[in-house]
Amino acid sequence: MKKAAGLTVVCAGVVVTFPLLILIEWIGRYDRFSYGRHASVIREILPWRSTTYLAPVLPLYALVPPYILDLADSGPGGGLPRVLVWASLALAALALAEVYSVCLHREGYIAAFEPWSLAADYAPLGAPPRRFADRRLQHLARVQLVYCVPLVIAASTVSPGTGLLSCLTLLLFLIKYLAPAWIDFEAYFHWDMHCQVLDLDGRPLLTSFWRALSDWVMGPMIGSLPRFYTTEHLVIHHPENAGPDDIHSPLPYDRSRVLEFCIFGLKTCFILLTSGKVAFHRRCRGSKQALLVLGITAFWAVTTYLVVMDRFLGYWLIGAALYRAVNTAKAQYVWHGLSDPGNPRHPKASTILWLPQEHLVSALDSDPAHAEGTASATEVPSLGTDWAFYDNYHLIHHLHPRAHFTEYPELLRRTVPGLLDWGCVVMRLGAYDTFVFDCWSGNYERIAQGLVTPMDKDLRPSFIRERLAPLPGHRSYSAALCQGRLGQAVDSALVRGLRLLALAT
């Protein structure tokens, strides 16, 4: 019976997680399409100031097609051919979605890499920020709300009965919103959990209002259920440091096998959608537990009502939560996938530090050719070097969880030599995008090329293979069933499927 249940979990993991992996990649590619040559044309025609409030309302176009189609059908002589009108409306939807996406990207880029474009007295949330540097993240929060509200209105109005074209149009805008908004939400919400970057000078009620909007409105639109992220991240993840007692720990799984990731992804979906393992965790007690249960219950009450009323928003909220869950599982691999089995609970042993070659990695590299033309880290990094708010310094974050992002460059300078001497895993940031697929496809040589940790080059591939192995004594039972010829064959087939359908590089 236990084995049958374990095999059922394996099959369910493949059925749920594998299609989501493909979908996530396709959504990412569709989002990256908006960085094409046409983006500069759109930005040239539509200046930033003129689109601040115009671009966010474009999703309301999804309400238009039924009226236009009815008008075309009622025209003289039977009106225009329905197929022609339908195609014209669909092309307009594609064009407007690109405008929407380019404008949303521009808002994020300004906050991330061109904050000097914002006026010195700019108060994104209605009052001056407690720290001047925080207005960049507060601008992201404001943009999230401005872009989110029209989407909620449209998705609460449109239903499958409204028409296929309206549903597809709305889906285009939701997807264009999801990919960048998920990243921007992670940035400002995560930093607010640790450093209260949404704090407004002398306005505690307004600050609480923006935090509530972020947690209860903007969060669910990108898959973050109310109270879940705050509780899980601060109460469990940081104290456990992705160790074996962390509910999102990847250690029970062989990180070199996509089949086992499918099981991990299914588990993460279940945890995020129900919060059961968080709400009843030994660290979650009192008001934290009560607020979490309230948040999850409220989410499912609203979502169930919307689904019963056949509103598109209800289906979207579920889909966005699944999207976030699988992305969360993947994130555990890039941040905590090379854990030291000898000390898996310590951040120095469990967390990967990703650094750009342009900065300190080049100075620490044994290849002198890499040290030419390097730049020093600044509070606002250049595009293509560090991430905008130094989130790639994840090990520094786990060692100093209360440090503000403006302190990270100095913290890194002081600590990175000691981290390397200690044997911490330091990787070049250029290897980040391909890391997970390289683990699954067995491309350890490419991973080894991105490894900065002092080590003989011949030992690096074997070091990586050893670090990807499941933690002894904490092996997932369902994942252990994937061993053997059949499991290897299925895993190879899944890797080929990923390479063919989405991740070929």
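Because the structure is a prediction, the values reported are computed rather than measured.

Peer 1: Hey, could you run me through the overall build of the chain in this one?
Peer 2: When its secondary structure is counted, the chain shows 22 helices and two strands. Taken over C-alpha atoms, the radius of gyration comes to 24 Å for the chain, in line with the 23 Å a tight globule of 505 residues would show. If you line up the chain on its principal axes, its C-alpha atoms span 80 × 60 × 50 Å. Excluding contacts between residues fewer than 6 apart, the proportion of contacts in the chain whose partners are at least 24 apart in sequence is 76%.

Peer 1: How do you make sense of the state of the cysteines when you look at a structure like this?
Peer 2: Joining two cysteines, a disulfide is a covalent bond between their sulfur atoms. Counted according to the given criterion, the structure contains zero disulfides. Note on Cys 167: no disulfide assigned, nearest cysteine sulfur contributed by Cys 148 at a separation of 19 Å. In this structure Cys 482 is a free cysteine whose sulfur lies 8.9 Å from that of Cys 262, the closest cysteine sulfur available. Residue classification places Cys 482 among the buried residues on the basis of a relative accessible area of 2%.

Peer 1: Explain the packing of helix H1 (residues 2-32) against helix H13 (residues 312-336) here, please?
Peer 2: Between two packed helices, what matters for the description is the angle formed by their axes and the separation of those axes. In the contact formed by H1 and H13, the axes pass within 10 Å of each other and the chain directions differ by 95°. Relative to H13, the element H1 is oriented roughly perpendicular. Judged by residue contacts, Thr 17, Leu 20, Leu 21, Ile 24 and Ile 27 of H1 engage Leu 322, Tyr 323, Val 326, Asn 327 and Lys 330 from H13. Looking at the contact of H1 with H13 residue by residue, the class counts come to seven nonpolar, two polar and one charged.

Rules behind the numbers
- Residues numbered from 1 in each chain as written.
- Predicted model: local features only at pLDDT ≥ 70, side-chain atom pairs only at ≥ 80, totals over all residues.
- Heavy atoms only, no water.
- Helix = DSSP H or I, 4+ residues; strand = E, 2+ residues; numbered from the N terminus.
- Rg over C-alpha atoms; globule rule 2.2 N^0.38 Å.
- Contact = heavy atoms within 4.5 Å.
- Disulfide = S-S within 2.5 Å.
- Buried < 20%, exposed > 50% of the residue type's maximum accessible area, 1.4 Å probe, protein only.
- Axes fitted to C-alpha atoms, helices over the stretch in contact; angles between N-to-C directions.
- Parallel < 35°, antiparallel > 145°, perpendicular 65-115°, else oblique.
- Nonpolar A, V, L, I, M, F, W, Y, C, P; charged D, E, K, R; others polar.

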